[in-house]
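Chain by chain, the residues run as shown.
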Amino acid sequence: MKACIAYAPGTVANLVCGFDILGLCLDSPADKMEVRLTDKAEIIIRSADGYPLPEDPALNTAGAPLLEMLQDLDQKLGFEILIHKRIKPGSGIGSSAASAAGAVVAANYLLGNPFDKAQLIQYAMAGEKVASGVKHADNVAPCVYGGITLIRSIAPLDIIPLAAPDLYVSVVHPQIEVRTADARAILRQQIPLKNAIRQWGNIAGLVTGILKNDAALIGRSLEDHIIEPIRSTLIPGFKELKESCKEAGALGGGISGSGPSIFMLSTSRHTAQQVEEVMQKTYIELGIEYHSYVSMINKEGVRIEPVKG
Ligand code: HSE
């Protein structure tokens, strides 16, 4: 039966002020998934690197979307997936989304592309539900589309891919785990109107800045008066790191998704590398292990490589 390899990249959700509605796609890190179409009605998921993954497909972020997809196809088909997990779960750079998006894009390719991108995102959100208890599309949408995506609504699904500006992204992942479900549970359900007004001003400014490729406007719109003050308490060194990155030339940034990763945007690779050095120095001084990355905004999203034979 047919097989392919999917490279499913990490993503930065929220983009500071756009909780659950904005996300961008990174070049690296990316999961590698070897996916095979079979004629048995079952989904088998294995980990290539000994990383523990739920074996029951209904509980697996790659498996749950495929179960829904197969149910809709109503044919005796299945998939075998071998996952090389390079994006650590609980990192805040879209680990569950990469598994879900990689699985649905690969499956669609192997089936002869019966689904459009919006349908793939609808399936992939089933994986996010498994991971965090909530369907959100701000990681899976940029992972499928590439670039920056605006999720105007998830019910009905309304995704607007935005032109990706030529910006560089520095990401640091301190090696502590923050579960998205926990980082959501601590949020307040009510917000003062004055904070909401500042927030939607920033979201409008950020989207306009992205569309106009206006780096200064993007930078001053990267403010969050609702989520960051609460979630940043889960991330050691957050406030100091953010200030030092801006001093090093970053336009701005904040918590990546639900954390603990932190991202910063810069207009050149050189500045993004200097910002990465500041990030590294902060966590060396705090005695916390970290991984760091400098990446462009990935305009392609999940990449499929056919396997011959
Ligand atoms: N928008 C989600 C959250 C992204 O912040 O909870 C999780 O990666």
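The notes below deal with the structure included here. (Residues numbered from 1 in each chain as written. Predicted model: local features only at pLDDT ≥ 70, side-chain atom pairs only at ≥ 80, totals over all residues. Heavy atoms only, no water.)

1. Quick look at the overall build of the protein
Moving on, step 1. When helices and strands are tallied, the protein shows 10 helices and 11 strands.
Moving on, step 2. Against the compact-globule benchmark of 19 Å for 309 residues, the protein has a radius of gyration of 19 Å, which places it among compact chains.
Moving on, step 3. For the protein, the spread of C-alpha atoms along the principal axes amounts to about 55 × 40 × 35 Å.
Moving on, step 4. Split by element, the accessible area of the protein, about 13400 Å² in all, is 51% carbon and sulfur. (Helix = DSSP H or I, 4+ residues; strand = E, 2+ residues; numbered from the N terminus. Rg over C-alpha atoms; globule rule 2.2 N^0.38 Å. Areas by Shrake-Rupley, 256 points an atom, 1.4 Å probe, with all protein chains shown as cover.)

2. Some points on the side chain of Thr11
Moving on, step 1. Position of Thr11 among the secondary structure elements: in strand β1 (residues 3–13).
Moving on, step 2. Among the polar contacts listed, one links the side chain of Thr11 to the side chain of Asn139, at a separation of 2.9 Å.
Moving on, step 3. Excluding residues that lie within four positions of it along the chain, Thr11 makes contacts with Leu24, Cys25, Leu26, Gly92, Ile93, Gly94, Asn139, Pro142, Cys143 and Ser256. (Polar contact = N/O pair within 3.5 Å; in protein donor to acceptor, adjacent residues only side chain to side chain. Contact = heavy atoms within 4.5 Å.)

3. A look at the site of the ligand
Moving on, step 1. In the vicinity of the ligand, the contacting residues are Ala13, Asn14, Phe19, Asp20, His136, Asp138, Asn139, Thr180, Arg184, Arg231, Gly257 and Ser258.
Moving on, step 2. At a separation of 2.8 Å, an oxygen atom of the ligand approaches a polar side-chain atom of Asn14.
Moving on, step 3. Arg184 is positioned such that a nitrogen or oxygen atom in its side chain is 2.7 Å from an oxygen atom of the ligand.
Moving on, step 4. Looking at the shell around the ligand, its residues break down into two nonpolar, six polar and four charged. (Near = heavy atom within 4 Å. Nonpolar A, V, L, I, M, F, W, Y, C, P; charged D, E, K, R; others polar.)

4. Side note on the pattern of salt bridges
Moving on, step 1. Inspection of the entire model under this criterion finds nine salt bridges.
Moving on, step 2. In this structure, Asp31 and Lys85 form a salt bridge, with 2.2 Å as the shortest nitrogen-oxygen distance. Remark: Lys85 occurs in the loop between β4 (78–84) and α2 (95–110) and Asp31 occurs in strand β2 (residues 22–38); sequence separation between them is 54 residues.
Moving on, step 3. For Lys281, the salt bridge goes to Glu285, with nearest N and O atoms at 3.4 Å. Placement of the pair is Lys281 and Glu285 together in helix α10 (residues 269–286), with a separation of four residues, close to one helical turn. (Salt bridge = Lys/Arg side-chain N within 4 Å of Asp/Glu carboxyl O.)

5. Some points on the packing of aromatic side chains
Moving on, step 1. Counting across every chain of the model gives one aromatic pair.
Moving on, step 2. Aromatic pair Phe115 and Tyr123: ring centres 5.2 Å apart, planes at 75 degrees, arrangement edge-to-face. An identical accessibility class is assigned to Phe115 and Tyr123; each is buried.
Moving on, step 3. Across from the ring centre of Tyr109, 5.4 Å away, lies the NZ or CZ of Lys2, which sits over that ring. (Phe/Tyr/Trp six-rings, centres within 6.5 Å; stacked < 30°, edge-to-face > 60°. Buried < 20%, exposed > 50% of the residue type's maximum accessible area, 1.4 Å probe, protein only. Lys NZ or Arg CZ within 6 Å of the ring centre and 35° of its normal.)

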